[in-house]
Amino acid sequence: MVNNELERALGVLQVVAKENKHAGKKGVRVKKASEKKAEKNKKNSKKVDNDDDVFAEFMNIPAASSAPSPSESSSSSKESPGSSSSTPLHVPVDENGRPQQTDPPTIPVRLLFPDGVYPVGEIQEYIAENSYRTTSAELREKERLEHDLYEDVRQAAEVHRQVRQYAQRFVKPGMLMTEIVERVEDCVRTLIEENGLRLQAGVGFPTGCSLNHVAAHWTPNSGDKTVLHYDDVMKLDIGTHINGRIIDSAFTVTFNPRYDPLKEAVRDATNTGVRTAGIDVRLCDVGAAIQEVMESYEIELDGKTYQIKPLRNLCGHSIWPYRIHGDKSVPSVRGGPTTRMEEGEFFAIETFGSTGRGFVVVYYHLLTMYHASSHVHFYI
């Protein structure tokens, strides 16, 4: 009887083991099928993501696979043009707790003015028949409505001012022109917080660094080995922009003091042009005023005295949003167009003083001439 019970128990155990064995095989087979299905779905999903990423890259928009979740989107705050969402920078402060710039500049200008109010700069008062614009309540209110536009321009101008001062400190004889340009433009991108959003904020145009007889618009290509020397006269032309409002301003860099009268002539002529310009002023009148001041200066080079002449075929210009050269030219000599400056326009007053004939030609290398330039950007 015991043996029979033992046999039955062994039989039950064998049946259970057999069932478990089949169940295990079935479970393995089911698992393999589910894995294959999951892998297939994953592969198809990855293909869709890749297609989306390619399309997003082509259209220059964030891909769906990298888009933030709704919670991330709701928690992110609105940022100004060019602002960065990375780890906040440490902004040094002075003894009064006011933010300070580093040397070399590394702090975005936006962080130095947390209230969003930027330095006003120089204001030219309305004169003569336009003096009523200073007292008219209606016109003053109209001007207040341009607050956001003014702040964009002033932010770009403050970036330009700090980059310009930095360039005046670091530019030295013996430097490659490519190094000068790269350091200037890298500084612009840092202070204006370009971060790839070049249409919102960034470099206004390729930095010009024309030497000696080259009056303007030269910039080195990659690999250029041109070196700045002690006796060179370099026109450093830097551009910045916020929301397409371009700041176009240049200055002349020299190390030999014998060129100081040349620089003083263009500085005085430029300031005269700015004072003369205004609403309803004829462009030819601005040019006549510039020429009169420029030609009142002389310079002695190598025992010979030269009258400093303005370049008559290289002019200032109006500036449009996202377009450096508008439809109006501001001459540096008398006899120019009688077209008038109009309210709301932006202009760059550009003066170029020369020891040569006062005329620019393309690729003109036969004579040694020295040009100095000074130009500023202003709004009327």
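Residues numbered from 1 in each chain as written. Predicted model: local features only at pLDDT ≥ 70, side-chain atom pairs only at ≥ 80, totals over all residues. Heavy atoms only, no water.

K.L.:
Mind showing me how you'd approach the overall build of the protein here?
P.N.:
Secondary structure summary: the protein contains nine helices and eleven strands in total. Here the protein holds 380 residues, and 37% of them are scored as buried. Taking the intrachain contacts of the protein between residues at least 6 apart in sequence as the baseline, contacts between residues at least 24 apart amount to 67%. A total accessible area of about 22,700 Å² is found for the protein, and carbon and sulfur atoms account for 53% of it. (Helix = DSSP H or I, 4+ residues; strand = E, 2+ residues; numbered from the N terminus. Buried < 20%, exposed > 50% of the residue type's maximum accessible area, 1.4 Å probe, protein only. Contact = heavy atoms within 4.5 Å. Areas by Shrake-Rupley, 256 points an atom, 1.4 Å probe, with all protein chains shown as cover.)

K.L.:
Looking at this structure, how should I read the packing of helix α8 (residues 260-276) against helix α9 (residues 283-294)?
P.N.:
How two helices sit against one another is set out by the angle between their axes and by the gap between those axes. Direction vectors running N to C along α8 and α9 enclose 155°, while the axes themselves pass 8 Å from each other. Considering the angle they form, α8 stands roughly antiparallel to α9. For the pair α8 and α9, the crossing hand works out as right-handed. Between α8, through A265, V266, D268, A269, T272, G273 and T276, and α9, the contact on the second element is made entirely by D285, V286, A289, I290, V293 and M294. For the contact of α8 with α9, the per-class residue count stands at eight nonpolar, three polar and two charged. (Axes fitted to C-alpha atoms, helices over the stretch in contact; angles between N-to-C directions. Parallel < 35°, antiparallel > 145°, perpendicular 65-115°, else oblique. Left-handed = near helix turned anticlockwise from the far one by under 90°. Nonpolar A, V, L, I, M, F, W, Y, C, P; charged D, E, K, R; others polar.)

K.L.:
Any chance you could explain the confidence of the model for the protein here in plain terms?
P.N.:
Interpretation of the predicted coordinates at a detailed level should be avoided for regions scoring low in pLDDT. The pLDDT averaged across the protein works out to 81; a share of 72% of its residues lies at or above 70. In this model, residues 54-79 is a region of pLDDT below 50 whose contacts with residues beyond four sequence positions or in other chains number eight contacts. Note on residues 364-368: pLDDT under 50 across the span, and five contacts to partners over four residues away in sequence or across chains. (pLDDT = per-residue confidence, 0-100.)

K.L.:
Explanation requested: the pairing of strand β10 (residues 346-354) in the structure shown.
P.N.:
Note on strand geometry: in a regular strand, side chains alternate between the two faces of the sheet. Counting buried positions over the nine residues of β10 gives nine, a clear majority of the element. Burial along β10 is two-sided: F346, A348, E350, F352 and S354 and F347, I349, T351 and G353, pointing in opposite directions, are all buried. Pairing geometry for strand β7 (residues 309-310) and β10, over two bridges, is antiparallel. Pairing of K309 across the sheet is with S354, part of β10. (Pairing = 2+ DSSP bridges.)

K.L.:
How should I be thinking about helix α7 (residues 177-192) in this particular structure?
P.N.:
Spacing of three or four residues puts side chains on the same side of an α-helix, whose turn is 3.6 residues. In a regular helix each residue adds 1.5 Å, so 16 residues correspond to 22 Å; α7 covers 23 Å between its end C-alpha atoms and thus fits that length. Every buried residue belonging to α7 is among M177, T178, I180, V181, V184, E185, C187, V188, L191 and I192, and all of these are buried. For α7, the secondary structure elements touched by its buried residues are α3 (109-112), α6 (147-170), β1 (201-203), β2 (208-211) and β3 (234-242). Positive phi appears at E193, one or two residues downstream of α7, with a value of about 60°. (Expected span 1.5 Å × (residues − 1).)

K.L.:
Help me out: how do you make sense of the nonpolar core in this one?
P.N.:
Note that soluble globular proteins tend to have their nonpolar side chains buried in a common cluster. In this structure, V163, V171, I180, M234 and L236 are the most contacted members of the largest nonpolar core, which totals 36 residues. Secondary-structure elements contributing two or more residues to this core are α6, α7, β2, β3, β4 (245-253) and β10. Discounting chain neighbours no more than four positions away, the residues touching M234 are V171, M177, I180, C209, S210, L211, L228, F251, T252 and V253. L262, V281, L283 and I299 belong to the second largest nonpolar core, which has 22 residues in total. (Core = buried A, V, L, I, M, F, W, Y, C linked by side-chain atoms within 4.5 Å.)

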